[in-house]
Amino acid sequence: MQLSVVDVVKTFDGEIRKCTAISNNCRKIMYKTVFNNESLPPLYSKTRWGGIFEMLNHFFKQEDFFNELGQQHSELDLTEQWDFIKEYVAAFEPVYISTKAMQAKHTKNPGNRFVEPLTKALKNRLKNLKESIVFKAALLLDPRFNYLNSKFFNQEEKEEIRSFIISTSERIHLCKAKVQPSSSSSPSNAPNGTPNSSSDFDLYFTELYGGSLPEQNAEEIQTSANKILRQLISLDAEAHQNSHFDVWNFWLMRKSTHPELYEVAT
């Protein structure tokens, strides 16, 4: 979990630096009297993402105070950072709380023989999960991770994931074609009154003797792939959503506009 957070946080280094600069400016001697009755934004270690959250959360909780301060002193103005701060706090607060809870549990059990292997196992699981193309595809279809100007995936990764999603959609349609008899088929035009549908056994039996069953028209496949690709690219223009966003409902609402992607996503 921690590694995943770090992967996301580092892509927003520029925004974090701007907020950190304002936090540092608050410590200038000229503002000492201003903070006589107010606490300063906490400093943080570069190796601890939780410290970044604490700093931004401090700004968030003192929004009125810092808005007033920013109007008086331009180097303390957070106007352009408020959207980022609010989204950051909303997204990472659940992770921060759970991390603190886990740390507290470990602190109460120093030297516990299970702590180290459990941590190692979690990291290994996370590593394997992050390398899974299926997991990556799920993130690409989620506007909390894939949105306008998102840096979660680079272009090469996106192309790989899109290819996987397109091939998955094609497999879904192939499976549906195998289990759904053609509407033109009827007992009267098939041997022994059996509908002219193909099963896995038909495929195996035919290929056993070097043959193959009729496939979908190549032009039709290409047209479908192009359509899905356009739908995938359009996801890059979606607005960013917070951690409470209902992804399931997001795709239910796109059942008619993105039917192929809807099938993959759900």
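Just so it is clear, the structure is predicted and the values come from calculations on it, not from any experiment.

*Asks:* For the overall build of the protein chain, give the residues involved together with the corresponding values.
*Replies:* Counting secondary structure elements, the protein chain contains 12 helices and zero strands. Ordering the α and β elements of the protein chain from the N terminus gives α-α-α-α-α-α-α-α-α-α-α-α. Counting all 266 residues of the protein chain, 28% fall into the buried class. By sequence separation, contacts in the protein chain at least 24 residues apart represent 68% of the contacts at least 6 residues apart. For the protein chain, the exposed surface amounts to about 17700 Å²; the carbon and sulfur share of it is 54%.

*Asks:* Break down the nonpolar core for me, with residues and values.
*Replies:* Of all hydrophobic cores here, the largest spans 28 residues; its most connected members are Trp-49, Leu-56, Phe-59, Phe-66, Ile-85, Tyr-88 and Phe-92. Looking at this core, the elements with two or more residues in it are helix H1 (2-9), helix H2 (13-25), helix H3 (49-61), helix H4 (63-72) and helix H5 (82-107). Residue contributions to this core peak at eight residues, all from H5. Once you skip the residues sitting within four places of it in the chain, Phe-59 turns out to touch Cys-19, Ile-22, Ser-23, Pro-41, Phe-66, Leu-78, Trp-82 and Ile-85.

*Asks:* Help me get a handle on the pattern of salt bridges, residues and values and all.
*Replies:* Evaluated as defined, the whole model comprises 10 salt bridges. A salt bridge links Arg-144 to Asp-142; its shortest N-O distance comes to 2.6 Å. For Arg-144, a relative accessible area of 27% gives the class partly exposed. The partner of Asp-236 in a salt bridge is Lys-158, and the shortest N-O contact between them spans 3.3 Å. Of the two residues, Asp-236 is situated in the loop between helix H10 (218-234) and helix H11 (247-252) and Lys-158 in helix H8 (residues 155-179); the sequence distance between them amounts to 78 residues.

*Asks:* I'd like a rundown of the environment of Gly-70, residues and numbers included.
*Replies:* As for its placement among the helices and strands, Gly-70 is situated in helix H4. The spatial distance from the C-alpha of Gly-70 to the C-alpha of Ile-22 is 9.8 Å, given a sequence separation of 48 residues. Sequence-distant contacts of Gly-70, that is, excluding residues within four places in its chain, are made with Leu-76 and Asp-77.

*Asks:* Please give an account of the side chain of Asn-146 that cites residues and values.
*Replies:* Position of Asn-146 relative to the elements: it lies in the loop between helix H7 (133-140) and H8. Of the residues examined, Asn-146 reaches a relative accessible area of 2% and is grouped as buried. One polar contact links the side chain of Asn-146 to the main-chain carbonyl oxygen of Leu-140, over a distance of 3.0 Å. If we skip the residues at most four places from it in the chain, Asn-146 touches Leu-139, Leu-140, Lys-158, Leu-235 and Asp-236.

*Asks:* Go over the packing of H2 against H3, please, and point to the residues and values.
*Replies:* Where H2 meets H3, the closest approach of the two axes is 11 Å, and the angle between their N-to-C directions is 65°. Relative to H3, the element H2 lies roughly perpendicular. You can see that H2 and H3 cross each other, and the crossing is left-handed. Facing H2, whose interface residues are Ile-16, Cys-19, Thr-20, Ile-22 and Ser-23, H3 presents Ile-52, Met-55, Leu-56 and Phe-59. Tallied by class, the residues present in the contact of H2 with H3 amount to seven nonpolar, two polar and no charged.

*Asks:* Account for unusual backbone geometry, naming residues and giving values.
*Replies:* We note that Asn-149 has phi near 70°; this positive angle belongs to a residue other than glycine. Residue position: Asn-149 is located in the loop between H7 and H8.

*Asks:* Describe the packing of aromatic side chains, naming the residues involved and giving the relevant values.
*Replies:* Counted under the stated rule, the structure contains 14 aromatic pairs. Note on Trp-49 and Phe-92: the rings are 6.0 Å apart at their centroids and 50° apart in plane angle, and the pair reads as tilted. Remark: Phe-92 occurs in helix H5 and Trp-49 occurs in helix H3; sequence separation between them is 43 residues. Aromatic rings pair up to connect Phe-12, Trp-49, Phe-53, Phe-84, Tyr-88, Phe-92 and Tyr-96 into one cluster.

*Asks:* For H3, give the residues involved together with the corresponding values.
*Replies:* Between its terminal C-alpha atoms H3 stretches 18 Å, which fits the 18 Å expected from 13 residues at 1.5 Å a residue. Most of H3 sits inside the fold, with 10 of its 13 residues counted as buried. Looking at H3, one finds that the buried residues are Trp-49, Gly-50, Gly-51, Ile-52, Phe-53, Met-55, Leu-56, Asn-57, His-58 and Phe-59.

Definitions and limits used
- Sequence positions are assigned chain by chain, starting from 1 and proceeding in written order.
- Totals for whole chains, interfaces and linings use all residues, but because this is a predicted model, local features are given only for residues with pLDDT of at least 70 and pairs of side-chain atoms are given and counted only at 80 or more.
- Only hydrogens and water are set aside when side-chain values are computed; all heavy atoms of the structure are taken into account.
- Here a strand is any run of E in DSSP of at least two residues, a helix any run of H or I of at least four, and the numbering for each starts at the N terminus.
- Accessibility here uses a 1.4 Å probe with only protein chains present; expressed as a share of the type maximum, an area under 20% marks a residue as buried, one over 50% as exposed, and anything in between as partly exposed.
- For this analysis, residues touch if any pair of their heavy atoms sits within 4.5 Å.
- Surface accessibility in these figures is a Shrake-Rupley result with a 1.4 Å probe; residues are shielded only by whichever protein chains are displayed.
- Note on terminology: a nonpolar core comprises buried Ala, Val, Leu, Ile, Met, Phe, Trp, Tyr and Cys residues joined through side-chain atoms within 4.5 Å.
- Any carboxyl oxygen of Asp or Glu that lies within 4 Å of a side-chain nitrogen of Lys or Arg is treated as forming a salt bridge with it.
- For this analysis, a polar contact is any N or O atom pair within 3.5 Å, provided that within protein one partner can donate a hydrogen and the other can accept it, and provided that sequence-adjacent residues contribute only side-chain to side-chain pairs.
- Geometry is summarised by axes, namely lines fitted to C-alpha atoms with helices restricted to the contacting stretch, and by angles between N-to-C directions that run from 0 to 180 degrees.
- Orientation categories follow fixed angle ranges, with anything under 35 degrees roughly parallel, anything over 145 roughly antiparallel, 65 to 115 roughly perpendicular, and all other angles oblique.
- Note: crossing handedness is left-handed where the near helix turns anticlockwise from the far helix by less than a right angle, and right-handed where it turns clockwise.
- Side-chain classes follow a simple rule in which Ala, Val, Leu, Ile, Met, Phe, Trp, Tyr, Cys and Pro form the nonpolar group, Asp, Glu, Lys and Arg form the charged group, and the remainder, Gly included, forms the polar group.
- We call Phe, Tyr and Trp rings a pair once their centres come within 6.5 Å, taking the six-membered ring for Trp, and we label the pair stacked below 30 degrees between planes, edge-to-face above 60, and tilted otherwise.
- Multiply 1.5 Å by the residue count of a helix minus one, and that product is the helix's expected span.

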